[in-house]
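# Secondary and tertiary structure notes
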Amino acid sequence: MTAATRYSDREQTRQGLASATLDLLVVGGGIVGAGVARDAALRGLKTGLVEQHDFAHGTSSRSSRLLHGGLRYLAQGRLGLVRQASVEKKVIHRIAPHLAEPLPFLFPAYRGDRHWPLWQLKVGVKLYDLLCGGRNLGYSTWLSPAEVRARVPALNQDGLTGAVRYYDGFTNDARLTLDTLRSAANAGALVLNYCRFCDARRAGKEWIGHVEDRLAHDTFPVRARAIVNATGPWAEGLPHSRVRLRLTKGVHLVVNRARLPVPEAVVMTEGKRILFAIPWGERTILGTTDTDYAGAPDHVLADARDIAYVLQVTNAFFPAAHLQPADVISTWAGLRPLIADPNGKPSDISRSHEIQNPEPGWWDVAGGKLTTYRLMAEQTVDRVVREQGLRAAACRTAGEPLLPAAETRGLSSLLPPPFCRATVEHHVAREWVVHLEDVMLRRTSWHYYCSDAAGLAGQVADWLGDLLNWSAQRRAQELERYLNATGQDPARQTTQRANRECAPQDCRSIAHPQ
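Below you will find a few notes about this structure. Fair warning: this is a prediction, and the values are worked out from it, not measured in the lab.

Another aspect to go through is the packing of helix H2 (residues 31-42) against helix H7 (residues 173-186). One way to put it is that H2 packs onto H7 with a least axis distance of 8 Å and a crossing angle of 25 degrees. As the angle between them shows, H2 and H7 are arranged roughly parallel. Between H2 and H7 lies a crossing whose hand is left-handed. Packed against H2, whose contacting residues are Ile31, Ala34, Gly35, Ala37, Arg38 and Ala41, the element H7 presents Leu176, Thr177, Thr180, Leu181, Ser183 and Ala184 at the interface.

Attention shifts here to the packing of aromatic side chains. The tally for this structure, following the rule as stated, stands at 12 aromatic pairs. Considering the side-chain rings of tryptophan 280 and tyrosine 449, the 5.0 Å spacing of their centres and the 85 degrees angle between planes classify their relative orientation as edge-to-face. Taken together, the positions of tryptophan 280 in strand S14 (residues 273-280) and tyrosine 449 in helix H12 (residues 446-449) put the pair 169 residues apart, joining distant regions of the chain. Residue tryptophan 280 is classed as buried on the basis of its relative accessible area, which comes to 1%. For tyrosine 449, a relative accessible area of 2% translates into the label buried. Aromatic pair tryptophan 332 and tyrosine 448: ring centres 5.0 Å apart, planes at 70 degrees, arrangement edge-to-face. Of this pair, tryptophan 332 sits in strand S17 (residues 328-339) while tyrosine 448 sits in helix H12, placing them 116 residues apart in sequence. When its relative accessible area of 2% is taken as the criterion, tryptophan 332 is described as buried. A relative accessible area of 5% means that tyrosine 448 is categorised as buried. Ring pairs connect the aromatic residues Phe105, Tyr128, Tyr166 and Phe276, which therefore count as one cluster. In this arrangement the basic side chain of arginine 65 is found over the ring face of tryptophan 280, its NZ or CZ atom lying 4.7 Å from the centre. The ring of tryptophan 332 carries the charged tip of arginine 65 above its face, separated from the ring centre by 5.0 Å.

What counts as what
Every chain's residues receive numbers from 1 upward, in the order its sequence appears when written. pLDDT decides what is reported in this predicted model: residues at 70 or higher carry local features, side-chain atom pairs at 80 or more are listed and counted, and totals for whole chains, interfaces and linings draw on all residues regardless. Only hydrogens and water are removed before side-chain values are computed, so all heavy atoms of the structure are retained for them. To get an axis, a line is fitted to the C-alpha atoms, and for a helix only the part in contact is used. The angle between two axes follows their N-to-C directions and goes from 0 to 180 degrees. For the purposes of this entry, the term helix denotes a DSSP run of H or I that reaches at least four residues, the term strand denotes a run of E that reaches at least two, and both are numbered from the N terminus. Between 65 and 115 degrees an angle is taken as roughly perpendicular, under 35 as roughly parallel, over 145 as roughly antiparallel, and anywhere else as oblique. The hand of a helix crossing depends on one turn: near helix anticlockwise from the far one by less than a right angle means left-handed, and clockwise means right-handed. The contact criterion used throughout is that any non-hydrogen atoms of two residues lie within 4.5 Å. Centres within 6.5 Å make a pair out of two Phe, Tyr or Trp rings, where for Trp the six-membered ring is used; the pair is then stacked when the planes are under 30 degrees apart, edge-to-face when over 60, and tilted otherwise. Only protein chains enter the calculation, and the probe is 1.4 Å; a residue is then buried if its accessible area is under 20% of its type maximum, exposed if over 50%, and partly exposed in between. Here, a charge over a ring means that NZ of Lys or CZ of Arg falls within 6 Å of the ring centre while also lying within 35 degrees of the ring normal.

Here's what the structure looks like:
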């Protein structure tokens, strides 16, 4: 069967999921679930995947968008994790070059900072390069205070002793998830969003699962030899799961790059905590926080305290910026599904992953980070194949490109695609679009990047209405759903966005600044 990627293909996909026994059913359509589905399908396994919300709805569209080994983890002595992530960021750069760009980081050091002295940073970045096999995305160096001033004039100079400069990668997390799912579908995987896994029972050597189609408002059975729980922050709540998590919240802000003109990523610290100022086209991303979270994972938003904290740290490092809440174009907040550890601060908890097999044919994969998703998937499928006695080819995901360049050019990249009907037509035809928010938040990032996103959403709703046969009532419901999903007050957002300085009026001229 050809890859079913259109909304109109839902019934075809449902029939495929219900009509035969799968080798593997993946629950969860974030980056880890997408990676498991792609790996299994490329090995020739009959694979299905269901996601209760949209693909990349949770953590996989709300990260710092970095592919990194983690210099902070190096300081914590977690060399194995740093080594894994350092290797994997280069793998992603190889298989998805359109979504993995080398990004230099400047880490300034200040007199009296006992947590991040310059000598320690110098040793750290050289060790960082070595853990990448001596072939990082770029070579690390260190800079004198004068060189730092020349490179980033707006940076706080008081007590500056110098800086180190090292390389990690920049990505588009939601696009990486979607392109991984498209690759999985091209390899034969059956994937369905807005489809909730309800429960499953063991019948001989198979699982019989029950899945709720949240659009059709009915359920259907799925039979599978093995089930992988890859639901991230939701993992504890699945029947048969033995996962125990500690959820922490990470918030990011987006401001105009003219307000904070960083030529490359800048590391900002508060004690042991690390935040970043990351250039993103005509924007700068600021974040992130790392605080314990005890609420429901379905609707996580940045609050006023989160925003104030990030702006406070940023203004300490860039005092002339005087950033205020009114400067914030957009925010996003996500949850880190860390393996439970009641000890220590959130930033101290390991980002390593675990793969557990608590029942025959049931697998929990949890923890980890965006950068190591492919390795997590490979290790998971290796164990499923071995334990279930499945016939499968060797793993191909480290060498097989996600998608041909012709299928991504102008549509899937680090920056949002051009704002036009043709872009929306592509996402509807090829990428499982159901709701307005699917396009604005995850397919394009227009909501996060565009200064007048609330206004643009109306135009996108018109296009989607034509393509998906929406009524006027459905169009109004979709706009309300989008505003609720993003925590927007329509009147306040319209006024605030219109008053921002240096903000382009739409996304028609998205380009990297020179």
